[in-house]
Amino acid sequence: RRQHYPALLFSFLLHCLCFPCVFFNLLAVGSPLVMDPNSICRKTKRLVGKQNELCQTQPEIVSEVAKGARLGVRECQYQFRYRRWNCTSHNKYFGKILQQDIRETAFVYAITAAGVTHAVTQACSMGDLLQCGCEATRSRAPPRPPSSSSSGEGVKWEWGGCGDDVEFGYEKSKQFMDAKRRRGKSDIRALIDLHNNEAGRLAVKLYMRTECKCHGLSGSCTLRTCWKKMPHFREVGDRLLERFNGASKVMGGNDGKTLIPVGQNIKPPDKQDLIYSADSPDFCLANRKTGSLGTRGRMCNSTAMDVSGCDLLCCERGYREETVVFEENCLCRFHWCCVVQCKKCLVRKELSLCH
Ligand SMILES: *[C@@H]1O[C@H](CO)[C@@H](O)[C@H](O)[C@H]1NC(C)=O
Ligand SMILES: *[C@@H]1O[C@H](CO)[C@@H](O)[C@H](O)[C@H]1NC(C)=O
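Where an unreviewed UniProt entry is consulted, the chain appears under the name Protein Wnt, with the organism given as Myripristis murdjan. Quoted verbatim from the Sequence similarities (unreviewed entry) field of UniProt, the annotation for the chain is "Belongs to the Wnt family."

This is the structure we're talking about:
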């Protein structure tokens, strides 16, 4: 069975967890190669121990893991699109970010682990994997109504449909993402990465929603079947961005095995919080060492007061206005059946670009 999937990203994923993250260099999102998982596993000779074993024994899952990692990186780019650091991944600067222990690193780890959880679970529900399927609900207690609505009276509830088996995706994400730590990383940094991986997985697992469907003659709803669905991945990204904004700084305890919050009277971070140990650079100027591309030439919003505003995004260097004209589809009409015909319009747009 041949499959499309981002082989380069895949190779990043496996290497990056075992070795220094220079392999992000290879990450060319958007250039999927046709390859089967087995040949990928053979190609990645540098895999060692646990991950090689996973690659050999579970090639189909490996390909879902790769999809998940890509889902995570894409979401990262969406969430950071208006920020100084925007999660641009196809350059060697990204690898630099991953070698640090700053908030941005925490976010990338968390969203990747979340993406893997999500993608593997999704593949189970779609019937794409032999190892898993819909959630087993037989042994479960009967569901409670999702909202204690008045219509709950006398309606029988059952688990049914196809619930997402998030437990399976969670375990696979754990196996792959936590398998082996990067070489040369201290215990403390490894602990931080593991914590953020788990925070990412929990951002999926703890936010399952219940969906139900009515059965019965003409919508009488004498029986309802319900199943568990994962949150949309956008929601996961939104939640992790909140955790990014409120991330906790930690340092290693004397025993080298515990993390303690930095600062007085700061409550210890819980399992869902993102943690970091080093302050981020300001990302204003390009800097090879910190993995900053700088914000020169970036589009900013001259009226916004938040991080997307020109003052903050351009680091007070100022900006220039530029008018761009581009062609757009417009006045589209639907012709029965089934063609959409559009005209081409010239659209003028004012852009603000950082100096
Ligand atoms: C992200 O930032 C880089 C470097 O400043 C820039 O080249 C790129 O266009 C930005 N990407 C987006 C989607 O804005
Ligand atoms: C710029 O910021 C303003 C104010 O926050 C907002 O209403 C507007 O939609 C933004 N424009 C763009 C292009 O994002």
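Back to the text.
Side note on the overall build of the chain
If you tally the helices and strands in the chain, you get 10 helices and 13 strands. For the chain, with 355 residues in total, the buried portion stands at 37%.

A look at unusual backbone geometry
Here the amide bond leading from Cys337 into Cys338 is cis, since omega sits at 20°, within 30 degrees of zero. Considering the arrangement of structural elements, one finds Cys338 in the loop between β12 (319-335) and β13 (339-354). Even without glycine at this site, Cys315 takes up a positive phi of about 55°. At Leu331, a position not held by glycine, the phi torsion is positive, near 45°.

A few points about the site of ligand 1
Around ligand 1, the neighbouring residues are Arg81, Asn86, Thr88, Leu293, Thr295 and Arg298. Looking at side-chain class alone, the shell around ligand 1 contains 1 nonpolar, 3 polar and 2 charged residues.

Topic: the sheet that holds strand β8 (residues 275-276)
Across the sheet, which stays open at both edges, the 3 strands sit in the order β7-β6-β8 with mixed pairing between neighbours. Unpaired on one side and paired on the other, β7 (259-261) and β8 mark the two borders of the sheet. Bridging between strand β6 (residues 248-252) and β7 involves 3 bridges; their strand directions are antiparallel. Bridging across to β7, Val250 finds its partner in Pro261.

A closer look at the pairing of strand β5 (residues 223-229)
Pairing analysis gives 4 bridges linking strand β3 (residues 156-159) to β5, with the strands arranged parallel. Within β5, the residue paired with Lys156 across the bridge is Leu223. Across 7 bridges, the pairing between strand β4 (residues 209-215) and β5 is antiparallel. Residue pairing for β5: Cys214 is matched across the bridge by Arg224.

Brief notes about the sheet that holds β4
Taken in spatial order, the 3 strands make up an open sheet running β3-β5-β4, and their pairing is mixed. The open sheet has two edge strands, β3 and β4, and neither has a second partner. For this sheet the average axis-to-axis angle between neighbouring strands, irrespective of direction, equals 30°.

Cut-offs applied
Residues numbered from 1 in each chain as written. Chains lettered and ligands numbered in written order. Predicted model: local features only at pLDDT ≥ 70, side-chain atom pairs only at ≥ 80, totals over all residues. UniProt positions renumbered as here; feature names shortened; annotations may be inferred. Helix = DSSP H or I, 4+ residues; strand = E, 2+ residues; numbered from the N terminus. Buried ≥ 20, exposed ≤ 12 C-beta atoms within 10 Å, placed from the backbone. Near = placed C-beta within 6 Å. Nonpolar A, V, L, I, M, F, W, Y, C, P; charged D, E, K, R; others polar. Pairing = 2+ DSSP bridges. Axes fitted to C-alpha atoms, helices over the stretch in contact; angles between N-to-C directions.

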